[in-house]
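Close look at the chain arrangement
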Amino acid sequence: MILSLYIARRFLWSFAQVFFVFLAILLLLDTIEQIRRFADQGISTAGALQLATMNTPASLYRILPLIMILAAITMFLSLARSSELVVVRAAGRSALRFLAAPVLVAVIIGVLAVAVLNPLVAATQKEYDRLWSVAAKGVQSTLSLAETGLWLRQGNEDGQTVIRAVRANTDGTELFGVTFLLFGQDGLPLSRVEAESALLIPGAWQLSGAKRWDLTQDNPERGAQVLPDQGTLPSNLTREGIRDSFGQPSGVPFWQLPNYIAGLERAGFSARAHRVWYQMELAQPLLLASMVLIAAGFTMRHSRFGKTGVLVLMAVLGGFFIFFLRNFAQVLGENGQIPIMLAAWASPVAATLFALGLLLHLEEG
């Protein structure tokens, strides 16, 4: 138990070192990128740093498997150089038993990443999208889902418009059972429009079966107007803007994903990308554990045997290959070309089986 705790502590320290090195590098690069991107808007260094601080956690979370394999390589090389690995093996401890501690730490890190870091990344990414939208466009347009239906917001210099729809088509450009609430610059409601359907065309919503109420009057119903079919309501939304308002599946906290997926499907949208992401998050601890096993398969040997650089390179390339294969499977899963479970779990399971096979071969050899 003492030896296992020692190995676990060494691995945790290696992971912390690699993690914070990447954090510092990504924060610096992102700050420079924000300054370059918003140079025309006259962004300050503090503003760029704020944007980078909100964006860096998402970038760091995406490369967590690569950080894990680099941390494992660092620890195994350190143990090999100090001959601690030789002593442990000479004491009769097998390779698989030796790896139980770092693999367990990797699984715990994966569970904590999904349970704690994922919601934090989702919150910071949402704040980054809001700050980026304000800095780039000067206005905000957002989309959200609730039990009561689909909600949109559009805005310009004249005021804001809140849109609620019972359901929509797959890309959000046609709404059904829709209500528009128009607000002035002072935040007070100006009018309300209800329509059976609204189709997004360039620069406007085209309404069908619409009725308008002037909320500035004492009795809005008395002055209500039935609008002709094919009537329009100005809008600065676009198909791409509505689609981008959903953000990435990673922008939804892990614990809220099941309800969010149900809301998407209830509103008429496809939730396949979110389902793939949800399963990939469940597979994250296994993926991180497989990265430790891959690193062990190539680098858990004494440095006197030589070819250390080649083996390290092979371990890194193996980690990159699994990382690429996972992302490629995610794209195929989101496009419906392979089943969701296969897209999420194939890469971690294959990496684990490959690493275990390599370790058993080396152990028997």
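Before going into details, it helps to say that this report is about the structure given with it. (Residues numbered from 1 in each chain as written. Predicted model: local features only at pLDDT ≥ 70, side-chain atom pairs only at ≥ 80, totals over all residues. Heavy atoms only, no water.)

Some points on the environment of Met-75
The line we're drawing: By the criteria applied, helices consist of DSSP H or I runs no shorter than four residues and strands consist of E runs no shorter than two, each listed in order from the N terminus. Any two residues having at least one pair of non-hydrogen atoms within 4.5 Å are treated as being in contact.
Here Met-75 is to be found in helix H3 (residues 64-81). Residues Met-75 and Ala-296 lie 221 residues apart in sequence; the distance between their C-alpha atoms is 9.6 Å. Beyond its immediate chain neighbours, meaning those up to four positions away, Met-75 contacts Ile-7, Arg-10, Phe-11, Ser-14 and Pro-102.

Let's talk about helix H1 (residues 2-37)
Put simply, the rule reads: The span you would expect from a helix comes to 1.5 Å times its residue count less one. Any residue under 20% of the maximum accessible area for its type is buried, any over 50% is exposed, and the rest in between are partly exposed; the area is computed with a 1.4 Å probe on protein chains only.
In this model H1 runs 52 Å from its N-terminal to its C-terminal C-alpha over 36 residues, within 8% of the 52 Å that 1.5 Å per residue would give. Taken together, the buried positions of H1 are occupied by Ile-7, Ala-8, Arg-10, Phe-11, Ser-14, Phe-15, Val-18, Phe-19, Asp-30, Thr-31 and Gln-34.

Details of the pattern of salt bridges
For side chains bearing opposite charge, pairing can occur when the charged atoms are close. Selection rule: Put simply, a salt bridge is a Lys or Arg side-chain nitrogen that is within 4 Å of an Asp or Glu carboxyl oxygen.
The full count for this structure, using the stated rule, is four salt bridges. One salt bridge in this structure joins Arg-36 and Glu-33, with 2.5 Å as the shortest N-O distance. Highlighted residues: Arg-36 and Glu-33, both in helix H1, separated by three residues, approximately one helical turn. Arg-36 sits in the exposed class, given a relative accessible area of 54%. In this structure, the salt-bridge partner of Lys-211 is Glu-221, at a minimum N-O distance of 3.2 Å. You can see Lys-211 sitting in strand E7 (residues 210-214) and its partner Glu-221 sitting in the loop between E7 and strand E8 (225-227), a full ten residues away along the chain. Looking at Lys-211, the relative accessible area reads 26%, which means it is partly exposed. A residue is classified by how much of its surface remains accessible, and Glu-221, at 46% relative accessible area, is partly exposed. Look at the salt bridges and you will find they share partners, linking Glu-33, Arg-36 and Arg-37 into a network.

What about the packing of aromatic side chains?
What counts here: We call Phe, Tyr and Trp rings a pair once their centres come within 6.5 Å, taking the six-membered ring for Trp, and we label the pair stacked below 30 degrees between planes, edge-to-face above 60, and tilted otherwise.
Following the criterion strictly, the structure yields seven aromatic pairs and no others. Seen in terms of ring centroids, Phe-324 and Phe-328 are 6.1 Å apart; in terms of plane orientation they differ by 10 degrees. Their pairing is stacked. Placement of both Phe-324 and Phe-328 in helix H11 (residues 308-334) is noted, with a separation of four residues, approximately one turn of the helix. Relative accessible area serves as the criterion here: at 53%, Phe-324 is assigned to the exposed category. With relative accessibility at 43%, the residue Phe-328 sits in the partly exposed group.

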